[in-house]
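# Breakdown of the fold
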Amino acid sequence: MAAVSGERPTITHVIFDMDGLLLDTEKFYTEVQEIILARFNKTFDWSLKAKMMGKKAIEAARVFVEETGISDSLSAEDFLEEREAMLQSLFPTSELMPGASRLIEHLHAKGVPICLATGSHRRHFELKTQRHGELFKLMHHIVLGDDPEVKQGKPSPDVFLAAARRFEGGPIGSQKILVFEDAPAGVHAAKNAGIYIALRLIA
Ligand SMILES: O=P(O)(O)OC[C@@H](O)CO
Ligand SMILES: [Mg+2]
């Protein structure tokens, strides 16, 4: 674990999560999942949402169909296909979260190396960021959920360990890194990588 009581950490590098942290995209997943569940006369609640957030698509899909008890009627793969059609039209409208550009621009201007580590795969990443290319260009590197080095999604530490390795002069020691996260799975992933975490608290 990175947090050793009495020791003062020296943070030199920052890793950002994307969905729900830099981009206001979690609401899209919620919206389409509510629509799908309504067909089964079920409601999508926060405890299920919390279990899905931050995970790779197929991992989140398995949680969805299993936790709701609909896996006999809808497979994880079919759920993803149905969800995809709706998400495709929503993602290009993705907005930045309040303060996201200010924080990224500030860190970049101060020369703090920053990168992105998201569970989103390449196709979704491109759709979500198509209006925010200039900002995401400030990232030193970007690690996506379908990266070959990310064998398992969050809460596995894979994505954050790959992100730490790819900084200039990497791998950067976990105690020098701060991760910004919004999801329980992401917080566990950072803890599993021994990295300090800054949480986005939901009001
Ligand atoms: O890791 P993040 O960027 O939150 O992305 C996960 C995403 O696919 C939805 O929760
Ligand atoms: Mg997130």
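Analysis parameters
- Residues numbered from 1 in each chain as written.
- Chains lettered and ligands numbered in written order.
- Predicted model: local features only at pLDDT ≥ 70, side-chain atom pairs only at ≥ 80, totals over all residues.
- Heavy atoms only, no water.
- Donors = N, O, S within 2.8 Å, 3.2 Å for Na, K, Ca; no water.
- Helix = DSSP H or I, 4+ residues; strand = E, 2+ residues; numbered from the N terminus.
- Buried < 20%, exposed > 50% of the residue type's maximum accessible area, 1.4 Å probe, protein only.
- Near = heavy atom within 4 Å.
- Areas by Shrake-Rupley, 256 points an atom, 1.4 Å probe, with all protein chains shown as cover.
- Nonpolar A, V, L, I, M, F, W, Y, C, P; charged D, E, K, R; others polar.
- Domains from an automatic or database assignment.
- Contact = heavy atoms within 4.5 Å.
- Salt bridge = Lys/Arg side-chain N within 4 Å of Asp/Glu carboxyl O.
- Buried area = accessible area lost by both parts, 1.4 Å probe.
- Polar contact = N/O pair within 3.5 Å; in protein donor to acceptor, adjacent residues only side chain to side chain.

## Focus on the coordination of the magnesium ion (ligand 2)
In this structure, Asp17 (OD), Asp19 (O) and Asp182 (OD) serve as the protein donors to the magnesium ion (ligand 2), at separations of 2.0 to 2.2 Å. Along the chain, the residues donating to the magnesium ion (ligand 2) fall in the pattern D-x1-D-x162-D. Taken together, the positions of Asp19 in the loop between strand 1 (13–16) and helix 1 (26–38) and Asp182 in the loop between strand 4 (177–181) and helix 9 (184–192) put the pair 163 residues apart, joining distant regions of the chain. Given a relative accessible area of 7%, Asp182 falls into the buried group.

## A closer look at the site of ligand 1
What surrounds ligand 1 is the set Asp17, Met18, Asp19, Glu26, Tyr29, Met53, Gly54, Lys55, Thr118, Gly119, Ser120 and Lys154. In the complex, the protein chains occlude 95% of the 310 Å² of accessible area that ligand 1 would expose alone. Each residue belonging to the shell around ligand 1 can be placed in one class, and the counts come to 3 nonpolar, 4 polar and 5 charged. Residue assignment places the shell around ligand 1 across two domains, with domain 1 (2–24 + 94–199) and domain 2 (26–93) each supplying three or more.

## Focus on the environment of Val63
Tracing the backbone shows Val63 in helix 3 (residues 57–67). For Val63, a relative accessible area of 16% corresponds to the buried category. Through-space distance from the C-alpha of Val63 to that of Arg165 is 30 Å; in sequence the pair is 102 residues apart. Excluding residues that lie within four positions of it along the chain, Val63 makes contacts with Leu48, Lys51, Met52, Lys55 and Thr68.

## Things to note about the pattern of salt bridges
Tallying each qualifying case throughout the model produces 13 salt bridges. As a salt-bridge pair, Asp147 and Arg166 come within 2.8 Å of each other at their nearest N and O atoms. Here Asp147 is found in the loop between strand 3 (141–143) and helix 8 (158–165), whereas its partner Arg166 is found in the loop between helix 8 and strand 4, with 19 residues between them in sequence. The salt bridge partner of Glu149 is Arg165, with a shortest N-O separation of 2.6 Å. Placement of Glu149 in the loop between strand 3 and helix 8 and of Arg165 in helix 8 is noted, with a sequence separation of 16 residues between them.

## Focus: the domain arrangement of the protein chain
Its domain assignment divides the protein chain into domain 1 (2–24 + 94–199) and domain 2 (26–93). Here the C-alpha centre of domain 2 lies 24 Å away from the C-alpha centre of domain 1. Across the boundary between the two partners, domain 1 contributes 25 residues, which contact 18 residues of domain 2. At the boundary of domain 1 with domain 2, total buried surface from both sides reaches about 1700 Å², with 51% on carbon and sulfur atoms. Looking only at domain 1, the three residues that lose the most surface to domain 2 are Asp24, His124 and Leu127, adding up to 28% of its buried area. Taken together, domain 1 and domain 2 are joined by 2 salt bridges. With a closest N to O distance of 3.4 Å, Lys27 and Asp24 form a salt bridge. At the junction of domain 1 and domain 2, the tally comes to 10 residue pairs in polar contact (both at pLDDT 80 or more). Counting only elements with at least two residues in the side of domain 1 that touches domain 2, the list comes to helix 6 (122–129) and helix 9. Its residues assigned to classes, the side of domain 1 that touches domain 2 comprises 6 nonpolar, 10 polar and 9 charged.

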